[in-house]
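Structural overview
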Amino acid sequence: MSSQEFSTQPTAAADRDLTFVVIERHRELSAHYDAAMSISAKLDGPEFDAADEISSQRNHALAEHANVLIRSTPTTIAGVIALIRYVSSLREWELPDDDAWYGVFLEGLADAVDRIAMAQRLWRDGD
């Protein structure tokens, strides 16, 4: 399943967890970059140069947002699951250029799960 096909909003959790917004924005930027590359691949000469500049700009926007994506901190279990599934479906060009991105990603997920578990314990203990 490609990143564009994966649905990340199965529940109302999307209303409470901004991770779903971050995923959707990454999906949009990936599609824009992919479309720009498809167009520039068919051109040559000055048209290619113009299309390549657009592709470069879209690649830069995607790369910046990829860093936002891997630093996302889900606030719900649904957000954690969606983020893991989405990131695991990405192609290499959709991920950060930094080879150590996965360490940042996994640390952020561990922190998010820890915060969610703590909030659930506090809620249970408060009843």
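Because the structure is predicted, anything quoted here is derived from the model rather than measured. (Residues numbered from 1 in each chain as written. Predicted model: local features only at pLDDT ≥ 70, side-chain atom pairs only at ≥ 80, totals over all residues. Heavy atoms only, no water.)

Observations concerning the overall build of the protein chain
To be explicit about the condition: Numbering of helices and strands runs from the N terminus, with a helix taken as a DSSP run of H or I at least four residues long and a strand as a DSSP run of E at least two residues long. A 1.4 Å probe rolled over the protein chains alone gives each residue an accessible area, and that area as a share of the maximum for its type sets the label: buried under 20%, exposed over 50%, partly exposed in between. A contact between two residues is defined here by any heavy atoms of the two lying within 4.5 Å.
Looking only at helices and strands, the protein chain features 5 helices and 0 strands. Counting from the amino terminus, helix and strand elements in the protein chain follow one another as α-α-α-α-α. Buried positions account for 35% of the 127 residues belonging to the protein chain. Across the protein chain, contacts joining residues at least 24 apart in sequence account for 73% of those joining residues at least 6 apart.

With respect to the pattern of salt bridges
Opposite charge on two side chains permits them to pair, given that their charged atoms come into close proximity. Defined as follows: Put simply, a salt bridge is a Lys or Arg side-chain nitrogen that is within 4 Å of an Asp or Glu carboxyl oxygen.
As enumerated under the stated definition, the model contains 3 salt bridges in all. Put simply, R25 and E28 hold a salt bridge, and the shortest N to O gap is 3.4 Å. You can see R25 and its partner E28 sitting in helix α2 (residues 19–40), 3 residues apart, about one turn around the helix. Note that E94 is salt-bridged to R91, the shortest N-O span being 3.1 Å. For E94, a relative accessible area of 1% translates into the label buried. Residue classification places R91 among the partly exposed positions, given a relative accessible area of 32%.

Overview of the confidence of the model for the protein chain
Threshold: Per-residue confidence from the predictor is given as pLDDT, running between 0 and 100.
Residues of the protein chain with pLDDT of at least 70 account for 87%, and the chain-wide mean is 88. For the protein chain, the element scoring lowest by mean pLDDT is helix α1 (residues 13–16), at 61; helix α4 (residues 77–89) scores highest, at 97. The model gives residues 1–11 a pLDDT under 50, and that stretch makes 25 contacts with residues more than four places away or in other chains.

A short note on the nonpolar core
Applicable threshold: To qualify as a nonpolar core, a set must consist of buried Ala, Val, Leu, Ile, Met, Phe, Trp, Tyr and Cys residues joined through side-chain atoms within 4.5 Å.
Membership of the largest hydrophobic core comes to 16 residues, with the highest contact counts inside it found for I23, L69, L83, V87, W101 and F105. Every element with two or more residues in this core is listed here: α2, α3 (45–70), α4 and α5 (101–126). Ranked by the residues each element gives to this core, the list is headed by α4, at 5 residues. Discounting chain neighbours no more than four positions away, the residues touching L69 are V22, I23, H26, L83, Y86, V87 and L90.

Here's the deal with the environment of S72
Keep this limit in mind: Between N or O atoms, a polar contact is any pair within 3.5 Å; within protein, one atom must be a potential hydrogen donor and the other a potential acceptor, and residues adjacent in sequence are included only when both atoms are from side chains.
Relative to the elements of secondary structure, S72 occurs in the loop between α3 and α4. The buried category is assigned to S72, whose relative accessible area is 8%. Separated by 53 residues in the primary sequence, S72 and T19 have C-alpha atoms spaced 6.3 Å apart. The residues contacting S72, other than those within four sequence positions of it, are T19, V22 and L83. Looking at S72, its side chain comes within polar contact range of the main-chain oxygen of L69, at 2.9 Å.

Quick look at the packing of α2 against α3
To be explicit about the condition: Every angle, taken between N-to-C directions, lies between 0 and 180 degrees, and every axis is a line fitted to C-alpha atoms, over only the stretch in contact when it is a helix. Roughly parallel refers to an angle under 35 degrees, roughly antiparallel to one over 145, roughly perpendicular to one between 65 and 115, and oblique to any angle outside these ranges. A crossing counts as left-handed when the near helix is turned anticlockwise from the far one by less than a right angle, and as right-handed when that turn is clockwise. Nonpolar residues are Ala, Val, Leu, Ile, Met, Phe, Trp, Tyr, Cys and Pro. Charged residues are Asp, Glu, Lys and Arg, and all others, Gly as well, are polar.
In the contact formed by α2 and α3, the axes pass within 9 Å of each other and the chain directions differ by 160°. In terms of axis orientation, α2 runs roughly antiparallel to α3. As α2 runs across α3, the sense of the crossing is left-handed. Class assignment for the residues of the contact of α2 with α3 results in 14 nonpolar, 7 polar and 3 charged.

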